Amino acid sequence: MMAIEEFKVCLLGDTGVAKSSIVCRFAQDYFDHNISPTIEVSFVTKTAPCGNDLHKFLLWDTAGQERFHSLGASPEGY
Ligand SMILES: Nc1nc2c(ncn2[C@@H]2O[C@H](COP(=O)(O)OP(=O)(O)OP(=O)(O)O)[C@@H](O)[C@H]2O)c(=O)[nH]1
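Quick summary incoming for the structure in this document. (Residues numbered from 1 in each chain as written. Predicted model: local features only at pLDDT ≥ 70, side-chain atom pairs only at ≥ 80, totals over all residues. Heavy atoms only, no water.)

What the three strands build is an open sheet, ordered β1-β3-β2; its pairing is mixed. Here the strands that pair on one side only, and so sit at the sheet edges, are β1 (4-11) and β2 (41-50). Taken pair by pair, the neighbouring strands of this sheet meet at an average axis angle of 15°, ignoring direction. Pairing of β2 with strand β3 (residues 53-62) involves 10 bridges; the strand directions are antiparallel. If you follow Pro 49 over to β3, its bridge partner there is Leu 54. Against the sheet, helix α1 (residues 19-28) makes contact with β1, β2 and β3, and its axis sits at roughly 155° relative to β3, the strand it touches most. (Pairing = 2+ DSSP bridges. Helix = DSSP H or I, 4+ residues; strand = E, 2+ residues; numbered from the N terminus. Axes fitted to C-alpha atoms, helices over the stretch in contact; angles between N-to-C directions. Contact = heavy atoms within 4.5 Å.)

Here you go:
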């Protein structure tokens, strides 16, 4: 039986440093030239095989713009 290992990743950083673009490329293998700024926080999951196991990534993409108060917006906290 396959084991599932879970990884929790939170991206933090100034606005425009490409946090969302990295998540988009990682989760969907896609690049959007006109990607919108993140508001508060977005959550994405990606599961990928690794050897005989599965790796599940839980990704929190926070807003870089201070006015969105992303660190206080997560219902689960960090
Ligand atoms: N040329 C180029 N532009 C990039 C690259 N990665 C991201 N960008 C652009 O940089 C800008 C900001 O990218 P985002 O991913 O929205 O940055 P962010 O850190 O998530 O920004 P916030 O959501 O405001 O926190 C966007 O216009 C992207 O298209 C890259 O590798 N090359």
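Following the structure, the description resumes.
Before going further, it helps to examine unusual backbone geometry. Leave glycine aside and you will find that most residues have negative phi; peptide bonds, for their part, are mostly trans. Within the chain, Ala 18 stands out as a residue other than glycine whose phi angle is a positive 90°. For Ala 18, the position within the fold is in the loop between β1 and α1. One non-glycine residue, Glu 40, lies in the positive phi region at around 60°. Secondary-structure assignment places Glu 40 in the loop between α1 and β2. For Glu 40, a relative accessible area of 42% corresponds to the partly exposed category. (Buried < 20%, exposed > 50% of the residue type's maximum accessible area, 1.4 Å probe, protein only.)

When its volume is computed, the largest pocket comes out at roughly 190 Å³. What lines the largest pocket is a set of 15 residues, among which Thr 15, Gly 16, Ser 20, Pro 37 and Thr 38 lie closest to the centre. Broken down by element, the residue count for the lining of the largest pocket peaks at three residues, all from α1. For the lining of the largest pocket, the class distribution of residues is five nonpolar, nine polar and one charged. (1 Å grid on protein atoms, 1.4 Å probe; cavity = no way out; pocket = protein on both sides within 12 Å on 5 of 7 lines; lining within 4 Å. Points joined across faces, edges and corners; volume = space filled by probe spheres on them. Nonpolar A, V, L, I, M, F, W, Y, C, P; charged D, E, K, R; others polar.)

Surrounding the ligand, one finds 17 residues, the nearest of these being Thr 15, Lys 19, Ser 21, Thr 38 and Gly 64. The contact in question runs from an oxygen atom of the ligand to an N or O atom on the backbone of Val 17, over 3.2 Å. Thr 38 has a polar backbone atom sitting 2.7 Å from an oxygen atom of the ligand. For the ligand, whose accessible area on its own is 650 Å², the fraction buried by protein is 64%. If one sorts the elements of the shell around the ligand by residue count, α1 sits on top with three residues. For the shell around the ligand, the residue count by class is six nonpolar, eight polar and three charged. (Near = heavy atom within 4 Å. Polar contact = N/O pair within 3.5 Å; in protein donor to acceptor, adjacent residues only side chain to side chain. Areas by Shrake-Rupley, 256 points an atom, 1.4 Å probe, with all protein chains shown as cover.)

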